[in-house]
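# Structural characterization, general
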Amino acid sequence: MNSYTLQPDGVFPSVCSLDCPDQCGLLVHKKEGRIVKIEGDPSHPVTQGAICNKVRHMAHRIYDEKRLQYPLKRVGRKGEGRFERITWDEAIDTIVARWNKIIAEQGAEAILPYSFYGNMGRLGTEGMDRRFFHRLGASRLQYTICQAAGTEGYNYTMGGGFGIDPEDTVHAELIIMWGINAVSTNMHQVVLAEKARKRGAKIVVIDVHKNQTGRWADWFIPVRPGTDAALALGLMHILFAEGLTDEAFLERYTVGHAELREHVRSYDPASVAEITGVPVEDLYRLARMYGGTKASFLRIGNGPQHHDNGGMCIRTIACLPALTGAWLYPGGGAIKGNGSYLEHNAQALQRPDLLPKQTRRINMNLLGSALLELDPPVASLFVYNSNPAVVAPHANKVREGLAREDLLTVVHELFLTETAAYADLVLPATSAFENTDFYRSYWHHYVQIQEPVIEAYGESKSNVEVFRLLAAAMGFEDEALRDTEADMIRQALDYPRNEVLEGMTYEKLAGQQFLKGKVKPLFPGRLHTPSGKIELYSKTMERRGFPPLPTYIPLPVEDEGDLPFLFIPAPNHNFLNSTFAHNDKHVRMEREPKLHMNEADAAALGIANGDRVRVWNARGECELTAAVGTDVLPGVAVSQGLWADGKDGKALVNALTPDRVADMGGGAVFFSGRVRIEKCAG
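Quick caveat: nothing in here was measured; it's all calculated off a predicted structure.

## Some points on the overall build of the protein chain
- When helices and strands are counted, the protein chain shows 26 helices and 27 strands.
- Its C-alpha radius of gyration of 25 Å places the protein chain within 12% of the 26 Å reference for a compact globule of 682 residues.
- Dimensions of the protein chain, computed from C-alpha atoms along their principal axes, come out at roughly 70 × 65 × 50 Å.
- Counting only residues that meet the buried cut, the protein chain has 64% of its 682 residues in that class.
- Expressed as a percentage of contacts within the protein chain between residues at least 6 apart in sequence, the contacts between residues at least 24 apart total 76%.

## Remarks on the nonpolar core
- Judged by nonpolar contacts, the single largest core of 166 residues is most densely connected at Trp99, Phe132, Phe133, Trp178, Trp327, Phe382 and Leu470.
- Each residue touching phenylalanine 382, except ones within four places of it in the same chain, is listed here: Trp99, Leu112, Pro113, Tyr114, Phe133, Val410, His412, Leu427, Val466, Phe467 and Leu470.
- Grouped together as the second largest cluster of nonpolar side chains are 43 residues, Ala59, Phe433, Ala602 and Ala637 included.

## Overview of the packing of aromatic side chains
- By the definition in use, this model includes 21 aromatic pairs.
- Between the aromatic rings of phenylalanine 133 and phenylalanine 467, the centroid separation amounts to 5.3 Å while the plane-to-plane angle is 70°, which identifies the pairing as edge-to-face. Residue phenylalanine 133 is found in helix α5 (residues 128-136), and its partner phenylalanine 467 is found in helix α21 (residues 463-473); the two are separated by 334 residues along the sequence.
- Judged by its relative accessible area of 0%, phenylalanine 467 is buried.
- Taking 6.0 Å as the distance between ring centres and 65° as the angle between the ring planes, the aromatic pair formed by phenylalanine 382 and tyrosine 384 counts as edge-to-face.
- Using a relative accessible area of 0% as the deciding quantity, one classes phenylalanine 382 as buried.
- Since its relative accessible area comes to 1%, tyrosine 384 is described here as buried.
- Following the ring pairs from residue to residue traces out a cluster consisting of Trp99, Phe132, Phe133, Phe382, Tyr384, Phe467 and Phe476.
- One residue, arginine 34, lies across the ring of tyrosine 63, its end atom 3.8 Å from the ring centre.

## Points about unusual backbone geometry
- Backbone torsion omega between aspartate 375 and proline 376 reads 0°, so that peptide bond is classified as cis.
- You can see proline 376 is positioned in the loop between α18 (367-373) and β15 (380-384).
- Unusually for a residue other than glycine, glutamate 32 sits at a positive phi of about 55°.
- Residue glutamate 32 is classed as exposed on the basis of its relative accessible area of 68%.

## Considering the layout of surface pockets
- Here the second largest pocket defines a volume of roughly 540 Å³.
- Residues belonging to the lining of the second largest pocket are distributed by class as follows: 9 nonpolar, 4 polar and 7 charged.

## So, helix α22 (residues 485-493)
- Residues of α22 that are buried: Glu485, Ala486, Met488, Ile489, Ala492 and Leu493. Buried positions in α22, seen along its axis, are confined to an arc of 160° and lie on one side of it.

## Side note on the sheet that holds strand β13 (residues 333-335)
- Strand order in the open sheet formed by 5 strands is β10-β9-β8-β12-β13, with parallel pairing between adjacent strands. Strands at the two margins of the open sheet, each flanked by one partner only, are β10 (219-222) and β13. Neighbour-to-neighbour, the strand axes of this sheet turn through a mean angle of 15°, independent of strand direction.
- Against the sheet, helix α8 (residues 187-198) touches β8 (174-178), β9 (202-207), β12 (296-300) and β13, its axis set at about 155° to β8.
- Packed onto the sheet, helix α14 (residues 280-291) meets β8, β9, β10 and β12 and runs at close to 130° relative to β10.

## A look at the sheet that holds strand β2 (residues 25-31)
- Spatially, the 3 strands line up as an open sheet ordered β1-β2-β3, and their pairing is antiparallel. Only two strands of the sheet have a single partner each, and these edge strands are β1 (10-15) and β3 (34-40). Strand-to-strand twist across the sheet, computed as the mean angle between neighbouring axes with direction ignored, equals 30°.
- The sheet contact formed by β1 and β2 spans 6 bridges and is antiparallel. When the sheet's bridge partners are listed, serine 14 is paired in β2 with leucine 26.

## Considerations on helix α6 (residues 148-158)
- With respect to burial, α6 is a largely interior element, 8 of its 11 residues being buried.
- Buried residues of α6: Ala148, Ala149, Gly150, Gly153, Tyr154, Tyr156, Thr157 and Met158, and no others.
- On the buried face of α6, the contacting elements are β12, α15 (310-317), β13, β21 (534-535) and α24 (539-543).
- At the C-terminal side of α6, glycine 159 shows a positive phi close to 85°.

## A look at the pattern of salt bridges
- Inspection of every chain in the model, using the stated rule, returns 38 salt bridges.
- Across the salt bridge formed by glutamate 126 and arginine 122, the nearest N and O atoms sit 3.2 Å from each other. One end of the pair, glutamate 126, and the other, arginine 122, are both in helix α4 (residues 122-126), 4 residues apart, so they sit about a helical turn from each other. When sorted by exposure, glutamate 126 lands in the same class as arginine 122, which is buried.
- The residue arginine 131 makes a salt bridge to aspartate 483 at a minimum N-O spacing of 2.8 Å. Note that arginine 131 is positioned in helix α5 and aspartate 483 in the loop between α21 and α22, a separation of 352 residues in sequence.
- Taking relative accessible area as the criterion, aspartate 483 reaches 8% and is therefore assigned buried.
- Because the salt bridges share partners, they merge into one network encompassing Arg74, Lys78, Glu405 and Asp424.

What counts as what
- Residues numbered from 1 in each chain as written.
- Predicted model: local features only at pLDDT ≥ 70, side-chain atom pairs only at ≥ 80, totals over all residues.
- Heavy atoms only, no water.
- Helix = DSSP H or I, 4+ residues; strand = E, 2+ residues; numbered from the N terminus.
- Rg over C-alpha atoms; globule rule 2.2 N^0.38 Å.
- Buried < 20%, exposed > 50% of the residue type's maximum accessible area, 1.4 Å probe, protein only.
- Contact = heavy atoms within 4.5 Å.
- Core = buried A, V, L, I, M, F, W, Y, C linked by side-chain atoms within 4.5 Å.
- Phe/Tyr/Trp six-rings, centres within 6.5 Å; stacked < 30°, edge-to-face > 60°.
- Lys NZ or Arg CZ within 6 Å of the ring centre and 35° of its normal.
- 1 Å grid on protein atoms, 1.4 Å probe; cavity = no way out; pocket = protein on both sides within 12 Å on 5 of 7 lines; lining within 4 Å.
- Points joined across faces, edges and corners; volume = space filled by probe spheres on them.
- Nonpolar A, V, L, I, M, F, W, Y, C, P; charged D, E, K, R; others polar.
- Arc of directions from axis to C-beta.
- Pairing = 2+ DSSP bridges.
- Axes fitted to C-alpha atoms, helices over the stretch in contact; angles between N-to-C directions.
- Salt bridge = Lys/Arg side-chain N within 4 Å of Asp/Glu carboxyl O.

Now the structure itself:
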């Protein structure tokens, strides 16, 4: 722990730990040992002192009276949320005794860790935890809930998570935000886009809902959910047909352009308009705008990938900048994610070599099935950095699994979340401001360090501390399980294979707070695809049974009778997934959970703006307040935010979402569920 903690007063550098592309630099103000103010760090080259309300009010979360301060043991029924205080020694001894019994009787694979990126610090999410569970020989979790499908799809086209430097987007002449509510989820891309707009750039938003980003745009284009690939292919049809492609770029930097040119003939504007709901005249206007602009920039969001066809959708959209050669112009190209640039030494950090043998992998999107149907069964679940009772699909199935009396569930958390209510043991977790960790953005090109700014709250411990304690209690003597945070950061950054990290060390980070990777332009250069070029035609996809060319694949029809509405549970402005949903200040700012409906649909069902409505399918139901208007197309219903049990127990939108997996990467299909809607009685 550094000297910050010993200084009760002052202003100290920090970094935002939330699962957000912006990963802001912060300044934390302390008085008498407590945080009294959080503001943006104006010296950060990308975020430049601007921060969102979620972070600005983070101190309310850290010092919330509901925050956990000591370990708890369940004394009531699972899900009831009744606990009594115990010591850390009692908690660790109980876990180890039960795990040793499980290992002796069923094997270590009966233990399943479940986590995600509730805190984006690399040590806390993929450091000592991975080392410990590898050494234990536990089942391994597949981290697929967020961007797995889109990442695989984009990789087929571009060879990895490589886009342009967001700092360069101020030079863009046309900006298309596709499936991203950037005002709420990538605010600094909006700031950069505003700078481009002042230079004359136009901003277009393509989405299923006219949210805050859609209202900010110069032109909002609504599209039917799951049809984005058809829209992209329709644009390609027009670009090729009207000679708006850069033939020199296609010849030099791509493979498959001749095949693609022929392939998209079948995606004529009339057919695409019928599929997508985008009028023919708008297809031509957008294609001509895109083809007639050299420095066009696509910001590709997570939304379109959360469908059964999500991987192919992102793969298809990613082909568009190649057709116009936009990559060669300052501010032109695309960003889906830039995480591949800052790839660190994951093998050294996670130590998969500690595995005694290869163990089974379990897709996190199938948690309900894993807890109820897996053979041999899961006997113990250890949850950290996540709240699966709220965030996982088919939530009622997940909760049925969590309610198993024979399942030992341990939750390491800051609050008594909906998942923690089902736990046998709850361990209090530190906040990021109490930890040492390093961060790398998946949008900008900076690596940052967090050192403790405040003392640990109550008896809370970091993930690294907890897994070191468990390793010692299990009798594991591996040196890797005793490494300090500084040791692990050094190991992760020692990665000669990635020249972008050259010269980046723990010591330099500690001294400078953030360092920019040495990223080279994508073009001219060799991509990480098999051909070294943008693959409009992918032989790898062909070998794996996918169409080798970008293709629109309609969403499956759910076999549940008449389900007239496609249901999209999108993010809201004041929560980040379920984070902040337990804090009264953020709940007040967000007001209430709503269901956005088209006015024609609402009229047909006798629903008025502000009515309470029941939304249901075979998986479950919830009640929301109708927001009636023209912000969504007919047949589409959009909710915002994971309110879960924190409101009135009736807003659990993931009770409605399917737990199928997407076409690629085992990704989630949150946005492919269908529902019925009716006005609540009374």
